[in-house]
Amino acid sequence: MRVILMGPPGSGKGTQAASIANHLGVESVSSGDLFRDHQKRDTELGRLARSFMERGVYVPDDVTIKMVMDWIDDPAHANGFVLDGFPRTHAQAVALDEEIESLGGIDRVLFFRVAQNELVRRLTGRMICRQCQTPYHAQSSPPNTEGVCDRCGGELYERNDDKAEVVTKRIQIYSDETEPVVEYYRSGGKLREIDGEASIDAVSEASLAAVSG
Ligand code: AP5
Ligand code: MG
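Structure report, in brief. (Residues numbered from 1 in each chain as written. Chains lettered and ligands numbered in written order. Predicted model: local features only at pLDDT ≥ 70, side-chain atom pairs only at ≥ 80, totals over all residues. Heavy atoms only, no water.)

Turning our eyes to something else, we now look at helix α2 (residues 31–40). With 7 of 10 residues buried, α2 lies mostly within the body of the structure. Here α2 has its buried residues at Ser31, Gly32, Leu34, Phe35, Arg36, His38 and Gln39. On its buried face, α2 sits against β2 (27–30), α3 (44–53), α4 (61–72), β3 (81–84) and β7 (156–157). Two to three positions downstream of the cap, the backbone nitrogen of glycine 32 sits 3.3 Å from a side-chain oxygen, assigning the N-cap of α2 to serine 30. Taken from the residues just after α2, aspartate 42 is the one with a positive phi, measuring 55°. (Buried < 20%, exposed > 50% of the residue type's maximum accessible area, 1.4 Å probe, protein only. Helix = DSSP H or I, 4+ residues; strand = E, 2+ residues; numbered from the N terminus. Contact = heavy atoms within 4.5 Å. Polar contact = N/O pair within 3.5 Å; in protein donor to acceptor, adjacent residues only side chain to side chain.)

Printed below as a string of structure tokens:
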């Protein structure tokens, strides 16, 4: 099964990706996490991506598409996947359609709807695991031990694009560039809209139902 998770910054894509992928017996990938991994390894792509990400704007399509297609083409992902944060532009959606057309295309697109004031609240209180990228929140989903990941024991940190002014820019770019892509999938009949403001468990339940039914 091939699933796409869409939604604005802070809507819960990363929170839900692993459990949806586990349920389907496939792997998930976040394009943002792939870029952050390149930055950690200080590759040329990582340095290029940083210059866009720290301003809250999208990394150019050509490098983004190549990076994600390399991941999809790995034989380990031949039976399906969950994509978190890709595609975000029309060109990315077209490239993905072409790449997997012969495999039957995308099965489901989950769209997490969350109001802007809640997105800002979530992102400005978020902490992420340096090792496994699990997101936490000081109020909504705190770790058992402060600063330590429940899942793998890794150190928690704040993303440098979660500063208030960059968050506002990310939300604006999302509405300009990615909302049209949401409508593209909605018109194709594969999109399932999920109330992303429900509790994390309720969103998870609705997501699993949407990929099962
Ligand atoms: P990326 O890392 O993908 O960031 P994003 O899209 O802005 O989304 P986030 O990761 O911030 O939010 P999320 O939806 O995963 O929410 P989370 O689950 O963490 O991309 C970063 C940058 O990389 C982009 O700005 C761009 O520059 C570049 N990039 C990436 N992909 C690209 C592409 N395809 N093309 C071009 N450039 C690209 O949850 C947020 C918080 O809320 C957490 O604290 C969590 O604990 C909490 N929370 C989650 N669910 C709930 C709930 N139901 N109730 C209460 N709290 C909740
Ligand atoms: Mg994320």
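If you walk across this open sheet you meet the 5 strands as β2-β3-β1-β4-β8, and the pairing is parallel. Looking at strand neighbours, the two that pair on one side only are β2 and β8 (191–195), the edges of this open sheet. With direction set aside, neighbouring strand axes in the sheet form an average angle of 20°. Pairing of strand β1 (residues 2–6) with strand β4 (residues 108–113) involves 4 bridges; the strand directions are parallel. (Pairing = 2+ DSSP bridges. Axes fitted to C-alpha atoms, helices over the stretch in contact; angles between N-to-C directions.)

Of all residues adjacent to ligand 1, which total 37 residues, the nearest are Thr15, Val57, Arg88, Arg126 and Arg170. Its free accessible area being 1000 Å², ligand 1 has 97% of it covered by the protein chains. Every element with two or more residues in the shell around ligand 1 is listed here: α1 (13–24), α2, α6 (116–124), β6 (135–137) and α8 (200–212). It is α2 that provides the largest number of residues to the shell around ligand 1, a total of 4 residues. Counted by class, the shell around ligand 1 contains 14 nonpolar, 15 polar and 8 charged residues. (Near = heavy atom within 4 Å. Areas by Shrake-Rupley, 256 points an atom, 1.4 Å probe, with all protein chains shown as cover. Nonpolar A, V, L, I, M, F, W, Y, C, P; charged D, E, K, R; others polar.)

Structurally, leucine 24 can be placed in helix α1. If we ignore the near neighbours within four places in the chain, the residues touching leucine 24 are Met1, Val3, Val82 and Val211.

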